[in-house]
Amino acid sequence: MEGGGVIGPGPYRATKLWNETIKLFRGGMPLRKHWASFRYYDFSFTGSEAVDYLHELLRHNCNFGPEVTRYQTLQLLRKFLKAHVIEDIKGRHGTEDFEDNSHLYRFPTLSPLKSFPTKPLLRDGDLPRLIRWDDYEELPQRENIAPLKPAVMTSDFWNKRHSVAIGDVHECKLIRRKEITPKQVDHIWKSMTVAHLQRVLGLTTLDGVLNPTHVKGKHIVHNVFSVNKTGIVVLENKAEDMPYWVVSAMKCLANWPNETKQSVYPGFERDVLKTVADYFQRLKEPLLTFHLYEVFVNILSLLQHRDVAAEALQVSTLLLPPPNRRRLQLLLRLMARVCQNPQLPPLNDTIATRTLMVQTFSHCVLGSVDEMDLDELLATKLVTFMMEHHTSIFQVPTKLRCQVEEHLSHLRRVQIKYAGADTDFGTSPAFCKQISRVDSEEQKVIGTQTPLQELLEGLIADRELPAKDKRKRLKQFQKSYPEIYHNRFPTEESKAAVIPEKTPRLKPQLIFFNLKKPFQPFQRSWSFRA
């Protein structure tokens, strides 16, 4: 049986999968003569035959995989009947009354295929523009600005750029870019993350896959830096976090039976799972959001290449709002621990624990706003992969992080502009001037000490740093840079006014009293009487 080829990354991949599944099903489903209601029906098939064939077709198809269950196949055939992909022998359709039995069905003359949505193409100005070194003015509010024309390299222009080598030194100015604002840092993270995602997916454009206007740079920065020791996102607004009772229920299942401090009754663990499932199933949208649906559907085509798929998930999960990313991290960790815990009683009498966890939470993770007919199958495959690799897909890609840090460092460097080269020199505040070696060494020392002094002041002013850690880091700074430390704290009084003193620890002196004899009141002896 031909399972069809892989539908690669690209726009509207879910719609392409729906149409491809219909074509394969119509082209390969065996049709024969069946007897029902005292007559023969040609080119028909029973409900059970359709479930058998389509189940094997999906399991051997690279776009779905062996995780597809028979129940999911039955659900898909019910959607086929509702969409008039199939009909019963009386010509009835439009409902989901398909059953896995001997009831007869047939194909209509033409099964309807879904058309691709018509959306306006993204213009180049709609894509996030990366801040360049030449942008030493404030970043404009509108990002769709025509790019600057490259300068023509004439002989005069070349002489001005390379005058030092020639021997004719022209006047020049130093341009230090304005301090990069947090908003600009967010913009840089956004533009470079979206570009990195496009490269990982192997696409020439993200049109139809991701609208960059739905990506927020502050979410990316928060997901990268605001994490705890285990890599879980830490929320600034605790009201956005999950309720305490949900977190307690998840801990109970994840650490079973260690977290069970109270007496339990038979079926207690199933009630706890139902409590967690009810919370996630009542969320307004899936954890991966509606806007990123096409992104994660495209990642499904990369699952055969595990490393590439893991990197794509690392980048795409950075785009999530921090509350969604935190919920997803905790949920996948819970699912993995429950599936690997042999001490946990069975959570269902007929379904294996691993299958139960995937079926229970898959539609809470991935789904489209239009409820695509293949959502359940696609979500099952994606959640299975994410659950098996949950420890790696939430790590920040090292390559992306290095690229962003190098770009930010590049923007903070001083730039030299020659007069008349490629900028207006009339507003130049200062020019290059030859100085003596003594002045050069003095400026070198001052230029080095200033950042260290700022570092020391920032360490002192950090109120969130515990007092113990602050004293430890100040001691390390004193050892590395004693002159700067002494200039800041010339006396012990100045140091005590800023650095909290270490609270003296009282020694438990009464600890040995129990080794002595108990106190006895003084009794006079007869020798004291006179």
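The paragraphs below set out a description of the structure included in this document.

Cut-offs used in this document
Think of each chain on its own: its residues are numbered from 1, step by step along the sequence as written. This being a predicted model, a pLDDT of at least 70 is required before a residue's local features are given, and a value of 80 or more before pairs of side-chain atoms are given or counted; all residues contribute to the totals for chains, interfaces and linings. With hydrogens and water excluded, all non-hydrogen atoms of the structure serve as input to the side-chain values. When DSSP finds two or more bridges between a pair of strands, those strands are recorded as paired. Helix numbers and strand numbers start at the N terminus; a helix is a DSSP run of H or I with at least 4 residues, a strand a run of E with at least 2. Contact definition: two residues touch when any of their heavy atoms are within 4.5 Å. Axes here refer to lines fitted to C-alpha atoms; in helices the fit is confined to the stretch in contact. Angles between the N-to-C directions go from 0 to 180 degrees. Residue count minus one, scaled by 1.5 Å, sets the expected span of a helix. Relative accessibility decides the category of a residue: with a 1.4 Å probe and only protein chains considered, values under 20% of the type maximum give buried, values over 50% give exposed, and everything between is partly exposed. What the arc measures is the spread of directions leading from the helix axis to the C-beta atoms. Only rings of Phe, Tyr and Trp enter the pairing, Trp through its six-membered ring, and a pair is recorded when the two centres are within 6.5 Å. The plane angle decides the type: under 30 degrees is stacked, over 60 is edge-to-face, the rest tilted. Just so you know how the angles are binned, under 35 degrees is roughly parallel, over 145 roughly antiparallel, 65 to 115 roughly perpendicular, and the rest oblique. For this classification, Asp, Glu, Lys and Arg are treated as charged, while Ala, Val, Leu, Ile, Met, Phe, Trp, Tyr, Cys and Pro are nonpolar and the rest, including Gly, are polar. Only residues whose relative accessible area exceeds 30% and that take part in no salt bridge are eligible for patches, with like-charged residues grouped when within 9 Å of each other and nonpolar side chains (Val, Leu, Ile, Met, Phe, Trp, Tyr) grouped when within 5 Å. Here the Shrake-Rupley method, with its probe set to 1.4 Å, supplies the accessible areas, and only the displayed protein chains count as covering residues. Salt bridges, as used here, are contacts in which a Lys or Arg side-chain nitrogen is within 4 Å of a carboxyl oxygen on Asp or Glu. Nonpolar cores are built from buried Ala, Val, Leu, Ile, Met, Phe, Trp, Tyr and Cys residues. Side-chain atoms within 4.5 Å join them into one set.

Spatial strand order, 1-2-4-3: four strands in an open sheet with antiparallel pairing. Both outer strands of the open sheet, strand 1 (32-36) and strand 3 (87-88), are each paired with one neighbouring strand and no more. Pairing geometry for strand 2 (residues 39-46) and strand 4 (residues 104-106), over two bridges, is antiparallel. Looking across to strand 4, one finds that Phe45 is bridged to Tyr105. The strands that helix 2 (residues 47-59) touches are strand 1, strand 2 and strand 4; relative to strand 2, the one it contacts most, it runs at about 25°.

To continue, consider helix 15 (residues 398-411). Spanning 14 residues, helix 15 covers 20 Å between terminal C-alpha atoms, matching the ideal 20 Å at 1.5 Å per step. Turning to helix 15, its buried residues number three or more, namely Leu400, Val404, His407, Leu408 and Leu411. For helix 15, the angular spread of the buried residues around the axis is 100°, confining them to a single face. Structural note: helix 15 exposes Thr398, Lys399 and Glu406 on the side pointing more than 90 degrees away from its buried face. Where the residues of helix 15 are buried, they touch helix 6 (182-201).

Before going further, it helps to spend a moment on the packing of aromatic side chains. Applying the stated rule across the entire model yields 16 aromatic pairs. Between Tyr265 and Phe268, the ring centres sit 5.5 Å apart and the planes meet at 85°, which makes this aromatic pair edge-to-face. Taking the relative accessible area as the measure of exposure, Tyr265 reaches 45% and is therefore partly exposed. What makes Phe268 buried here is its relative accessible area of 11%. Ring geometry for Tyr485 against Phe489: centres 5.1 Å apart, planes inclined by 55°, an arrangement best described as tilted. Considered together, Tyr485 and Phe489 belong to a single accessibility category, that of buried residues.

A separate point is unusual backbone geometry. Put simply, Trp256 and Pro257 share a cis peptide bond, and its omega is 0°. Relative to the assigned elements, Pro257 resides in the loop between helix 8 (244-254) and helix 9 (268-281). One non-glycine residue, Phe43, lies in positive phi territory at about 50°. Its place among the elements puts Phe43 in strand 2. If you check the backbone angles, Thr289 has positive phi at about 65° while not being a glycine. Tracing the chain through its elements places Thr289 in the loop between helix 9 and helix 10 (293-299).

This part is about the packing of helix 12 (residues 322-339) against helix 14 (residues 375-388). Relative to each other, helix 12 and helix 14 sit at 80°, their axes nearing to 9 Å. By the criterion of interaxial angle, the relationship of helix 12 to helix 14 is roughly perpendicular. On helix 14, the residues that touch Leu328, Leu332, Met335, Ala336 and Cys339 of helix 12 are Val383, Met386 and Met387. Partitioning the contact of helix 12 with helix 14 into residue classes produces eight nonpolar, no polar and no charged.

Time to look at a nonpolar patch on the surface. Judged by side-chain polarity, Trp35, Phe38 and Tyr40 come together as a nonpolar surface patch covering roughly 470 Å² of accessible area. Along the chain, Tyr40 falls in strand 2. Since its relative accessible area comes to 51%, Tyr40 is described here as exposed.

Next up on the list: the nonpolar core. One recurring pattern in soluble globular proteins: nonpolar side chains tend to sit buried together. The biggest cluster of nonpolar side chains holds 112 residues, and the ones touching the most others in it are Phe25, Phe80, Ile86, Phe280 and Leu378. Each residue touching Ile86, except ones within four places of it in the same chain, is listed here: Phe25, Phe45, Leu77, Phe80, Leu81, His93, Phe98, Arg106, Phe107 and Pro108. In this structure, Leu459, Ile460, Phe477 and Ile499 belong to the second largest nonpolar core, which totals 11 residues.

Here the focus is the pairing of strand 2. For a regular strand, side-chain orientation follows a simple rule: the groups alternate between the two sheet faces. Two strands pair when backbone bridges link them, and strand 1 and strand 2 are joined in this way by four bridges, in the antiparallel orientation. Bridge pairing in strand 2 places His34 opposite Tyr41. Taken together, strand 1 and the strand that follows it, strand 2, pair antiparallel across an intervening segment of two residues, in which Ser37 is found at a positive phi of about 55°.

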